[in-house]
Amino acid sequence: MTPERFRALWSSLLPIGLDRRTGGYFRYGWSDADLACREWFAEEAADRGMDVAADGNGNLIAWWGSGGPAVLTGSHFDSVPNGGAYDGPLGIVSAFLAVDLLRERGAAPAGRIGIAAFAEEEGARFGVACLGSRLMTGALAPERALALRDGDGVSLGDALTKAGADPARLGPSLPAVDAYVELHVEQGRLLSTGEHTAPVGVASAIWPHGRWRLDLTGEGNHAGTTRMADRCDPMLTLSYAILAANKEARLRGAHATVGRVEVTPNATNAIPPSVSAWLDARAAQAETLDGLVEAVAAKVTERAGRDGTSVAVTAESVSPAVEFDGGLRDRVAALLRAPILPTGAGHDAGVLSAHVPTAMLFVRNPTGVSHAPAERATDADCAAGVTALADVLQDLACR
Ligand SMILES: [Zn+2]
């Protein structure tokens, strides 16, 4: 694969969901941008004579070949708010180009190869990460999914209906496949520095991680007339919670982030009556993660007592540690002569790995930045990723 060929197909997807002011992407599940990405997917599949199957959960699979055995590849189109271009779409674009490469090599699947586009992987709209793959594998019950609402109060059912899907079809839909291989942009700098330096790497594991919602309640009042000693200010309690999360994570070699806050009523001259914030926490070990969240909860509860506020901590989604299939990982790493590295980020591959032998390929990201407009990979490295994915698919799926 040449960098120019990669760039040609990559460019066709780039304008969709781009905010030209910030250079970031807004591709929420079932938004107009997401639907435009799905149209792009259908066109690329049609160009290659691949049939597209849509399950009841908003996931798409373009199939090459028929019958079994089957190998699945792919990723997701949706983004975080103001996200980068590569997180997700790189895996889908690379998959179509890998199919092109295999055909040029005269290779064909013994059974079939599927390219998946999973719905709402980031959970940016409905709050549950890997929504499509969790529904597909039965990890999330349809009843729970139907109760989800976005920030505007729109239910998942209504969003599906508006997109032309039938919410009654939500539920398990995983096709019989022998393996899943997801190519993804690296979300760190392990491939850019030190012993792991290479354009493409293979994932060993995904850290356990989760999202916890902090609801802090106090007393709304006037910023000018309320004496400092008389305040019950939940924003004060939250600021302490954010510092505590940072400290507890550092102490444990873990990661903790508060990147989203909702303030009511969000007025400059009012002490807010309530504040909600979301804690994203990740660690190499489940016990470390549990200890981190417990320590933050205990400290913020103690602080709330001093501030005259109250706090409720609710787990919104927690993903256990994922160790990718060792046999498949070693086979892929040996085939590609690629380094093996862990990641702190969750992926559809992590969800599928509980059901199907799964491997992940990472493409070098020189900035190390992800979930932000500065996310990058060079065309040369992306082309190397396509070649690597084609090599893996040929090894696993072709005659
Ligand atoms: Zn992703």
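Each value, and the rule that gives it
- Residues numbered from 1 in each chain as written.
- Predicted model: local features only at pLDDT ≥ 70, side-chain atom pairs only at ≥ 80, totals over all residues.
- Heavy atoms only, no water.
- Helix = DSSP H or I, 4+ residues; strand = E, 2+ residues; numbered from the N terminus.
- Rg over C-alpha atoms; globule rule 2.2 N^0.38 Å.
- Buried < 20%, exposed > 50% of the residue type's maximum accessible area, 1.4 Å probe, protein only.
- Contact = heavy atoms within 4.5 Å.
- Areas by Shrake-Rupley, 256 points an atom, 1.4 Å probe, with all protein chains shown as cover.
- Lys, Arg positive; Asp, Glu negative; His and termini not counted.
- Charge placed at Lys NZ, Arg CZ, Asp CG, Glu CD.
- Expected span 1.5 Å × (residues − 1).
- Arc of directions from axis to C-beta.
- Phe/Tyr/Trp six-rings, centres within 6.5 Å; stacked < 30°, edge-to-face > 60°.
- Axes fitted to C-alpha atoms, helices over the stretch in contact; angles between N-to-C directions.
- Parallel < 35°, antiparallel > 145°, perpendicular 65-115°, else oblique.
- Left-handed = near helix turned anticlockwise from the far one by under 90°.
- Nonpolar A, V, L, I, M, F, W, Y, C, P; charged D, E, K, R; others polar.
- Salt bridge = Lys/Arg side-chain N within 4 Å of Asp/Glu carboxyl O.
- Disulfide = S-S within 2.5 Å.
- Pairing = 2+ DSSP bridges.

Participant: Would you mind going over the overall build of the protein with me for this structure?
Facilitator: Each helix and strand counted, the protein has 11 helices and 17 strands in total. For 399 residues, the compact-globule estimate of 2.2 N^0.38 gives 21 Å, and the protein sits close to it at 22 Å. Each principal axis of the C-alpha distribution contributes one length, and for the protein these read about 80 × 50 × 40 Å. Per-residue burial for the protein yields a buried fraction of 52% across its 399 residues. Sequence-distant contacts, at least 24 apart, represent 78% of the contacts inside the protein between residues at least 6 apart. Here the protein displays about 16,500 Å² of accessible surface, and carbon together with sulfur accounts for 52% of that area. Averaging the locations of the 35 positively and 48 negatively charged side chains of the protein gives two centres separated by 3 Å.

Participant: Sorry if this is basic, but what is going on with helix 2 (residues 32–47) here?
Facilitator: Since the α-helix packs 3.6 residues into each turn, any two residues three or four apart lie on the same face. The first and last C-alpha atoms of helix 2 sit 23 Å apart over 16 residues, in line with the 22 Å expected at 1.5 Å per residue. Residues of helix 2 that are buried: Ala-33, Asp-34, Cys-37, Arg-38, Trp-40, Phe-41, Glu-44 and Ala-45. End-on, the buried residues of helix 2 take up no more than an arc of 155°, which puts them together on one face. Exposed residues pointing more than 90 degrees away from the buried face of helix 2 are listed as Asp-32, Glu-39, Ala-46 and Asp-47. Where helix 2 is buried, its residues meet helix 1 (3–13), strand 3 (51–54), strand 4 (60–65), helix 3 (89–104) and strand 6 (112–118).

Participant: Would you mind going over the packing of aromatic side chains with me for this structure?
Facilitator: The description of two aromatic rings rests on the distance between their centres and on the angle between their planes. Taken as a whole, this structure holds nine aromatic pairs when the rule is applied. Centroid distance Phe-41 to Phe-77: 6.2 Å. Interplanar angle 90°. Geometry classified as edge-to-face. Remark: Phe-77 occurs in the loop between strand 5 (70–76) and helix 3 and Phe-41 occurs in helix 2; sequence separation between them is 36 residues. For the pair shown, Phe-41 and Phe-77 are each scored as buried.

Participant: Before we go on, may I ask you to explain helix 3 in this structure?
Facilitator: Taking 1.5 Å of rise per residue, 16 residues should cover 22 Å, and helix 3 covers 23 Å from first to last C-alpha, within 8% of that figure. The element helix 3 is largely enclosed, with a buried count of 14 among its 16 residues. Positive backbone phi, at 80°, marks Gly-106, one or two positions downstream of helix 3.

Participant: Teacher, can you tell me more about unusual backbone geometry here?
Facilitator: Peptide bonds are mostly trans, and most non-glycine residues show a negative phi. Cis geometry marks the peptide bond from Gly-68 to Pro-69, where omega comes out at -10°. Mapped onto the elements of the fold, Pro-69 is located in the loop between strand 4 and strand 5. Note that the residue after Thr-264, namely Pro-265, is joined by a cis bond; omega there is 0°. Considering the arrangement of structural elements, one finds Pro-265 in the loop between strand 11 (255–264) and strand 12 (270–271). The backbone phi angle of Asn-266 is positive, close to 70°, even though this residue is not glycine. Following the sequence through the fold, Asn-266 ends up in the loop between strand 11 and strand 12.

Participant: Help me out: how do you make sense of the packing of helix 7 (residues 234–252) against helix 8 (residues 286–307) in this one?
Facilitator: A pair of packed helices is characterised by two quantities: the angle between their axes and the separation of those axes. Following both chains from N to C, one finds helix 7 and helix 8 inclined at 150°, their axes separated by 9 Å at the closest point. Regarding the angle of helix 7 to helix 8, the classification is roughly antiparallel. The way helix 7 lies across helix 8 gives a crossing that is right-handed. Residue-level inspection shows Leu-236, Thr-237, Tyr-240, Ala-241, Ala-244, Ala-245, Lys-247, Glu-248, Ala-249 and Arg-252 of helix 7 in contact with helix 8, the latter providing Thr-288, Gly-291, Leu-292, Ala-295, Val-296, Lys-299, Val-300, Arg-303, Ala-304 and Asp-307. In terms of residue class, the contact of helix 7 with helix 8 is built from 11 nonpolar, three polar and six charged.

Participant: For this particular structure, what's the right way to read the pattern of salt bridges?
Facilitator: Pairs can form between side chains of opposite charge once their charged atoms are near each other. For the structure on display, the rule yields 19 salt bridges. Here Asp-280 makes a salt bridge to Arg-282, at a shortest N to O gap of 2.7 Å. Among the ionic pairs, Glu-302 bridges to Arg-306, the shortest N-O distance being 3.1 Å. A residue pair is termed a helical-turn pair when its members lie 3 or 4 positions apart in one helix, as Glu-302 and Arg-306 do in helix 8 at four residues. Classification of Glu-302 by relative accessible area gives partly exposed; the value is 42%. A relative accessible area of 53% means that Arg-306 is categorised as exposed. In this structure, a network of salt bridges that share partners links the residues Glu-44, Arg-48 and Asp-100.

Participant: Is there a simple way to think about the state of the cysteines in this case?
Facilitator: Such a bond, covalent and formed between the sulfur atoms of two cysteines, is termed a disulfide. As enumerated under the stated definition, the model contains zero disulfides in all. Summary of cysteine pairing: Cys-130 is not part of a disulfide, and the nearest cysteine sulfur, belonging to Cys-37, is at 17 Å.

Participant: Quick question: what am I supposed to make of the pairing of strand 17 (residues 358–363) here?
Facilitator: Each regular strand shows side chains that alternate between the opposite faces of the sheet. Among the six residues of strand 17, six are classified as buried, and the element is accordingly described as predominantly covered. Alternating positions in strand 17 separate into two faces, Thr-358, Met-360 and Phe-362 on one and Ala-359, Leu-361 and Val-363 on the other, with burial throughout. Inspection of the sheet shows strand 8 (residues 200–206) paired to strand 17 by three bridges, in the antiparallel sense. Paired with Gly-201 across the strands is Phe-362, a residue of strand 17.

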